[in-house]
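Here is how the chains run, residue by residue.
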Amino acid sequence: MTEIDDETLFGMIQKLSNGVTDVEPLVTELMAEFDALSYSRNPQHATTLNANYAFVLQKIDQLIKSSQDVINLADKNLENEQNNNETDIPQTNQNNDQPKPTPLQKLMQKSRYMFEYFISRTILVSQLPYPPLCGSIPADPNQKLDICDFVAAKFENDYVLSYIIGYEGDDYIICDADNDEPQCKTISPKQVIPLPKSVPDRNFSHAEYSNGTKVLALWPNDEDDWTSLFYPAVVSATPTSKDPNYTLMFDGSEVPMQVKQHFVVHAPSK
């Protein structure tokens, strides 16, 4: 299996995520048909249900196969990176005499893509029962975070948007998503706050931060431009069916701001 570039790989991951989102309503509809069948004695209803059941299973099987393909490609890329003995000295490409990017340049390109991917991605919408990392629901303390999971990682006194690139014992190896000078380091799980992987499909108090809750959130410079640094804020309004965002009052600001649910995490106790 050949290596693919990171942008293509994460494009496949995004496509896979969209596929999961597409299947969810099909499963919901199928469950409703199962319920209706218990009240129906129409043979045609059972035939239709069997056909729909087979269709949904086929879709799920395709997602499983696609997931395995993505995992295999990611493993291959990781293996190639580990076997890559490049130094920080630019090398000449004999084919076109263009200097090869250094590891630092590659890291900067990947971090820039990861930041843009995080900001622009469509977040998964979960249904009851809501899983860990849905909205304000914390992560499972017995479950390790996955490679490429996004976190708010502590760098000195600040929390920075970062993603996991590996493990070292019980610790995580993370890289920040800064566009200019990305940094990678090994960090204790106590110094990372996992970011939501999904949001609830309806207003649900156990999956939302209530009014007055102290949180950390990305700062919106404008509609499509966000900081990679998390700032302390207080929830002044929770998401609604008409407005899925939090209304936050950032420390030192007199103007409330709208922030997406998956850009908000709980403020750690000092």
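About the thresholds
Residues numbered from 1 in each chain as written. Predicted model: local features only at pLDDT ≥ 70, side-chain atom pairs only at ≥ 80, totals over all residues. Heavy atoms only, no water. Helix = DSSP H or I, 4+ residues; strand = E, 2+ residues; numbered from the N terminus. Buried < 20%, exposed > 50% of the residue type's maximum accessible area, 1.4 Å probe, protein only. Contact = heavy atoms within 4.5 Å. Areas by Shrake-Rupley, 256 points an atom, 1.4 Å probe, with all protein chains shown as cover. pLDDT = per-residue confidence, 0-100. Pairing = 2+ DSSP bridges. Lys, Arg positive; Asp, Glu negative; His and termini not counted. Salt bridge = Lys/Arg side-chain N within 4 Å of Asp/Glu carboxyl O. Polar contact = N/O pair within 3.5 Å; in protein donor to acceptor, adjacent residues only side chain to side chain. Core = buried A, V, L, I, M, F, W, Y, C linked by side-chain atoms within 4.5 Å. Domains from an automatic or database assignment. Patch = residues over 30% accessible without salt bridge, like charges linked within 9 Å, V, L, I, M, F, W, Y side chains within 5 Å. Phe/Tyr/Trp six-rings, centres within 6.5 Å; stacked < 30°, edge-to-face > 60°.

Enquirer: Any chance you could break down the overall build of the protein chain for me, citing the residues and the numbers?
Expert: Tallying secondary structure elements over the protein chain gives 3 helices and 12 strands in all. Within the protein chain, buried positions represent 33% of all 270 residues. Of the contacts made within the protein chain by residues no fewer than 6 positions apart, 56% connect residues no fewer than 24 positions apart. In the form shown here, the protein chain has an accessible surface area of approximately 16500 Å², with 51% of it arising from carbon and sulfur atoms.

Enquirer: So what's going on with the confidence of the model for the protein chain? Which residues, and what values?
Expert: Chain-level pLDDT for the protein chain is 78 on average; 61% of the residues reach the 70-or-more range. Predicted confidence for residues 85–94 stays below pLDDT 50, and this span has 19 contacts to residues more than four positions away or in other chains.

Enquirer: Give a detailed account of the pairing of strand β10 (residues 246–250), specifying residues and quantitative values.
Expert: Taking burial as the measure, the 5 residues of β10 include 4 buried ones, the bulk of the element. Where strand β9 (residues 225–237) and β10 come together, 4 bridges link them in antiparallel fashion. Its bridge partner lying in β10, Ala233 is registered against Phe250. Sheet topology places β10 next to strand β11 (residues 257–259); 3 bridges connect them, and they run antiparallel. Bridged to Thr247 within β11 is Gln258. Here β10 folds back onto β11, and the loop between the two strands holds 6 residues, one of which, Gly252, carries a positive phi near 85 degrees.

Enquirer: So, the side chain of Glu208: which residues are in play, and what are the values?
Expert: Its place among the elements puts Glu208 in the loop between β7 (198–200) and β8 (214–222). Put simply, Glu208 is tucked away with no salt bridge, and the nearest opposite charge, on Arg202, sits 9.8 Å away. Reaching out from Glu208, the side chain makes a polar contact with the side chain of Asn203 at a distance of 3.3 Å. Residues in contact with Glu208, not counting those within four places in the same chain, are Ser136, Arg202, Asn203, Thr238, Pro239 and Tyr246.

Enquirer: Kindly report on the nonpolar core, identifying the contributing residues and their values.
Expert: Residues Phe118, Phe150, Leu161, Phe230, Leu248, Val259 and Val264 are the most contacted members of the largest nonpolar core, which totals 32 residues. Of all the secondary-structure elements, those providing two or more residues to this core are α3 (103–120), β2 (150–155), β3 (158–168), β8, β9, β10, β11 and β12 (264–266). Considering every element that reaches this core, the biggest residue donor is α3, with 6 residues. Both of domain 2 (124–194) and domain 3 (202–266) provide at least three residues apiece to this core. In this structure Leu248 touches Val215, Ala217, Ala233, Val234, Val235, Ser236, Val255, Pro256, Met257, Val259 and Val264, once residues within four positions along its chain are discounted.

Enquirer: I'd love a proper account of a nonpolar patch on the surface, names of residues and values included.
Expert: Among the surface-exposed residues, Val27, Leu57, Ile60 and Ile64 lie close enough to one another that they form a single nonpolar patch of about 310 Å² accessible area. Ranked by residues supplied to the nonpolar patch, first place goes to helix α2 (residues 43–82) with 3 residues. When you line up the elements, Val27 lands in helix α1 (residues 6–37). When its relative accessible area of 32% is taken as the criterion, Val27 is described as partly exposed.

Enquirer: Account for the packing of aromatic side chains, naming residues and giving values.
Expert: Applying the stated criterion across every chain yields a total of 9 aromatic pairs. Between Trp219 and Phe250, the ring centres sit 4.7 Å apart and the planes meet at 45 degrees, which makes this aromatic pair tilted. Residue Trp219 is located in strand β8, and its partner Phe250 is located in strand β10; the two are separated by 31 residues in the primary sequence. The exposure class assigned to Phe250 is buried, which follows from its relative accessible area of 2%. Ring geometry for Trp226 against Phe263: centres 4.7 Å apart, planes inclined by 85 degrees, an arrangement best described as edge-to-face. Highlighted residues: Trp226 in strand β9 and Phe263 in the loop between β11 and β12, separated in sequence by 37 residues. Taking relative accessible area as the criterion, Trp226 reaches 7% and is therefore assigned buried. Here the aromatic residues Tyr117, Phe118, Phe150, Trp226 and Phe263 are joined through ring pairs into a cluster of three or more.

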